[in-house]
Amino acid sequence: MAKGKAPVRKNETITLQFEDLTHEGNGVGKINGYPLFVPYGLPGEEATVKVVKVNKNFGFGKLIEITKSSPHRVEPPCDVFYKCGGCQIQHMSYDMQLEMKQNQVKNVLRKIAHLDDVPVHNPLGMEDPWRYRNKVSIPVGEHKGELITGFYRMRSHDIIKDMDTCVVQDEVNDRMVEAVRRIADRLGIEAYDEKNDKGTLRHIMVRTGRETKDTMIVIITRTAKLPHQDELVKELTETYPHIKSIMHNINNRRTNVILGKETKLLYGEKYIYDTIGDIRFAISAKSFYQVNPPQTKKLYDKALEYADIGSNDIVVDAYCGIGTISLFLAQKAKKVYGIEVVPEAIDDAKKNAKLNGITNTEFVVDQAEKVMPWWKAQGLRPDVIVVDPPRKGCEVDFIQAMIDMEPKRIVYVSCNPSTLARDLKILDEGGYETKEVQPVDMFPQSMHIESVTRLEQRLCN
Ligand code: SAH
């Protein structure tokens with residue numbers, strides 16, 4: 001390709017062959033080496049594409065017509081798939097989704113960490129990759145004087161009006177969103193108006209325990225007062241006895257963050273329960289809890305297998321949330337130390353240890369990158385460390401403290417292959433060899449990829 005000059009013009013219509021996919025799920029086709037990214041194009045396909053944006057080194061196109069279709073193209077079951085920003089790859093067969101996720105993990109390990117020879121196993125997928133989510137947080141708006149709920153249109157804050165179900169969501173949660181919206185509408189509760197920062201009801205959050213079927217509803221408002229609170233609670237709980245908790249969260253800031261600081265109890269207990277394997281968990285509104293229960297079991301089983309805990313082992317579970325992985329580890333270890341930054345989650349973790357009669361755990365609230373160096377200075381020498389950080393991965397101070405503690409093994413649970421690869425590189429230089437990676441598909445129909453990695457301390461001769 002001649003440098004500095006794109007071979008296509010804006011608004012031009014071209015024929016394009018797709019040969020790859022981006023991390024966002026867009027098809028990639030090239031014209032004289034110049035890449036064009038096109039939403040919904042699949043590798044192996046040929047299509048008529050309208051060029052919509054031309055940058056110096058790459059451009060974007062819009063799919064007009066598929067002239068040669070991939071055998072992996074499927075009809076998305078969701079009516080609003082092409083509008084909604086929630087799922088990205090419902091148009092792709094599930095087999096292809098899994099293959100693509102495996103390739104992505106392999107590619108970032110090679111490109112970012114230069115770990116070319118590490119085995120990346122076939123992803124553990126779902127038998128039925130639909131209706132798996134146990135939690136929904138949905139924005140509330142108004143249309144023609146009525147309350148509406150729906151996800152945002154892709155790359156916007158416009159609520160999709162005609163969305164009445166979400167095919168990756170537990171049906172109970174779908175029904176609960178509809179019920180809260182309908183009752184709130186009848187009681188005359190106003191929606192939040194994001195543009196003018198006025199009105200009341202911002203989001204409805206629902207979480208249902210897959211095993212227990214207990215439901216928590218969190219009503220998020222701009223205002224400190226929730227109008228008609230008693231009527232709303234009465235009608236919901238009388239109609240739906242599986243609602244075990246209703247919370248009111250106040251978020252008066254102009255922000256994309258859904259939950260505000262203050263959470264009040266309106267009904268029941270401030271947590272619901274769920275079980276994974278033989279352990280029972282209390283989960284409160286602000287605590288992280290894995291969203292795909294059947295896959296969570298597979299993820300934790302793999303993490304436990306890789307951790308290979310003996311009865312004399314001291315273990316650290318960093319980024320422990322409500323102590324899910326910690327309690328499974330504690331059934332095998334001598335002692336487990338958990339760290340987590342959200343105070344409510346640590347309250348849950350302590351409660352959960354008690355609830356299950358587990359006495360060999362200690363939980364600390366703070367940033368993992370602060371606690372680990374301090375533990376190291378105190379002389380803590382864990383045999384095994386398990387980490388499960390958020391998307392941004394681990395801080396360098398945290399990783400250095402892990403290396404200095406000299407555990408035999410590290411198990412890294414990650415929801416972002418790019419930051420995983422970055423951190424594996426640092427660990428590799430610090431003496432920890434990446435042995436194998438097991439992707440687990442926690443988020444079918446979306447581009448997100450979870451994985452568990454096993455690292456071993458390199459033995460010096
Ligand atoms: N292992 C848990 C939670 C994993 S999610 C589970 O499987 O349920 C990641 C967790 O890291 C969240 O609970 C989040 O609140 C916590 N977190 C985010 N940043 C942190 C930090 N700097 N230090 C400690 N915990 C953090």
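Our subject is the structure that appears above.
We now turn to the structure provided with this report. (Residues numbered from 1 in each chain as written. Predicted model: local features only at pLDDT ≥ 70, side-chain atom pairs only at ≥ 80, totals over all residues. Heavy atoms only, no water.)

**Quick word on a negative patch on the surface**
Going by this rule: Patches were defined on residues exceeding 30% relative accessible area and lacking a salt bridge, with like-charge contacts within 9 Å and nonpolar side-chain contacts (Val, Leu, Ile, Met, Phe, Trp, Tyr) within 5 Å. In these tables, accessible area is a Shrake-Rupley quantity obtained with a 1.4 Å probe, and a residue counts as shielded only by the protein chains included in the view. Here, a salt bridge means any side-chain nitrogen of Lys or Arg that lies within 4 Å of a carboxyl oxygen of Asp or Glu. The positive count covers Lys and Arg only, the negative count covers Asp and Glu only, and His and the chain ends enter neither. To locate a charge, the coordinates of NZ of Lys, CZ of Arg, CG of Asp or CD of Glu are taken. Elements are defined by DSSP. Helices are runs of H or I of four residues or more, strands are runs of E of two residues or more, and each kind is numbered from the N terminus.
On the surface, Glu142, Glu146, Asp185, Glu190, Asp193 and Glu194 cluster together to form a negatively charged patch. When you line up the elements, Asp193 lands in the loop between α2 (171–186) and β8 (201–208).

**Observations regarding the environment of Asn360**
In plain terms, the rule: Relative accessibility decides the category of a residue: with a 1.4 Å probe and only protein chains considered, values under 20% of the type maximum give buried, values over 50% give exposed, and everything between is partly exposed. Here a polar contact is recorded for every N or O atom pair within 3.5 Å, except that within protein the pair must consist of a potential hydrogen donor and a potential acceptor, and residues adjacent in sequence are included only if both atoms are side-chain atoms.
Assignment of secondary structure puts Asn360 in the loop between α6 (343–355) and β16 (361–365). Classification of Asn360 as buried rests on a relative accessible area of 16%. Along the backbone, Asn360 and Ile314 are 46 residues apart, and their C-alpha atoms lie at a distance of 10.0 Å. Polar side-chain contacts of Asn360 include one of 3.3 Å to the backbone oxygen of Lys334.

**Some remarks on the site of the ligand**
Note the following rule: When we say a residue is near a molecule or strand, we mean one of its heavy atoms is within 4 Å of it. All residues other than Ala, Val, Leu, Ile, Met, Phe, Trp, Tyr, Cys, Pro, Asp, Glu, Lys and Arg, Gly among them, are scored as polar; the first ten of these are nonpolar and the last four charged.
Taken together, 17 residues are adjacent to the ligand, and Gln290, Tyr300, Glu340, Ala368 and Asp388 come closest. In this structure, a nitrogen atom belonging to the ligand sits 3.2 Å away from a main-chain N or O atom of Tyr319. A distance of 2.9 Å separates a nitrogen atom of the ligand from a polar side-chain atom of Asp388. In isolation the ligand has 570 Å² of accessible area, and contact with the protein removes 89% of it. Of all the elements in the fold, those that place two or more residues in the shell around the ligand are α5 (324–330) and α7 (368–378). Of the residues contributing to the shell around the ligand, the split by class is 9 nonpolar, 4 polar and 4 charged.

**Remarks on a positive patch on the surface**
On the surface, a cluster of positive charge is made up of Lys10, Lys50, Lys53 and Lys62. Within the secondary structure layout, Lys62 lies in strand β5 (residues 59–68).

**Some words on the environment of Tyr132**
Note the cut-off: Any two residues having at least one pair of non-hydrogen atoms within 4.5 Å are treated as being in contact.
Position of Tyr132 relative to the elements: it lies in the loop between α1 (94–113) and β6 (135–143). Excluding anything up to four places from it in sequence, Tyr132 contacts Met126, Val168, Arg210, Val291, Asn292, Pro293, Met442, Phe443 and Pro444. At 2.6 Å, the side chain of Tyr132 and the backbone oxygen of Pro444 are in polar contact.

**Quick look at the pattern of salt bridges**
Working definition: two side chains of opposite charge can pair if their charged atoms are close together. All chains considered together, the criterion is met by 21 salt bridges. Of the charged contacts, one joins Arg131 and Glu171 as a salt bridge, the two residues approaching to 3.7 Å between their closest N and O atoms. Pair noted here: Arg131 is in the loop between α1 and β6 and Glu171 is in helix α2, with a separation of 40 residues, a long-range link. Because the salt bridges share partners, they merge into one network encompassing Arg409, Glu436, Arg454 and Glu456.

**Digging into the sheet that holds β8**
To keep things clear, this is the line we draw: When DSSP locates at least two bridges between a pair of strands, those strands are taken to pair. Note on geometry: axes are C-alpha line fits, over the in-contact stretch for helices, and angles between N-to-C directions span 0 to 180 degrees.
The mixed open sheet is built from 6 strands, whose spatial order is β7-β6-β8-β9-β10-β11. Two strands in the sheet have a free side with no partner beyond their single neighbour: β7 (146–149) and β11 (262–268). With direction set aside, neighbouring strand axes in the sheet form an average angle of 25 degrees. As defined by bridge partners, strand β10 (residues 243–250) adjoins β11 across 6 bridges and the pair is classed as antiparallel. Each bridged residue has a counterpart across the sheet, and for Ser245 the counterpart in β11 is Gly268. α2 contacts β6, β7, β8, β9 (215–221) and β10 of the sheet and is inclined by roughly 145 degrees relative to β8.

**Some remarks on the nonpolar core**
Rules: Nine residue types can take part in a nonpolar core, namely buried Ala, Val, Leu, Ile, Met, Phe, Trp, Tyr and Cys, and a core is a set of them joined through side-chain atoms within 4.5 Å.
Ile217, Ile219, Leu232, Leu236, Phe281, Leu329 and Val452 are the most contacted members of the largest nonpolar core, which has 79 residues in total. Top element by residues in this core is α2. It accounts for 7 residues. Residues in contact with Phe281, not counting those within four places in the same chain, are Ile272, Tyr273, Asp274, Ile276, Ile322, Gly323, Thr324, Leu327, Phe328 and Asn352.

**Description of helix α4 (residues 293–307)**
Cut-off, in case you're wondering: Every helix has an expected span of 1.5 Å times one less than the residues it contains.
With 15 residues, α4 extends 21 Å between its outermost C-alpha atoms, agreeing within 8% with the 21 Å of an ideal straight helix rising 1.5 Å per residue. When we look at burial in α4, the residues that qualify are Pro293, Gln295, Thr296, Leu299, Tyr300, Lys302, Ala303, Leu304, Tyr306 and Ala307. Where the residues of α4 are buried, they touch β12 (271–276), α5, β17 (384–387), β18 (409–414), β19 (432–440) and β20 (450–457). Looking one or two residues beyond α4, the residue adopting positive phi is Asp308, at roughly 45 degrees.

**What to know about the pairing of β20**
With respect to burial, β20 is a largely interior element, 6 of its 8 residues being buried. When β18 meets β20, the two strands line up antiparallel, connected through 6 bridges. By the bridge assignment, Tyr412 is partnered in β20 with Thr453. Where β19 meets β20, 8 bridges bridge the pair, whose relative direction is antiparallel. The residue of β20 that forms the bridge with Glu433 is Glu456.

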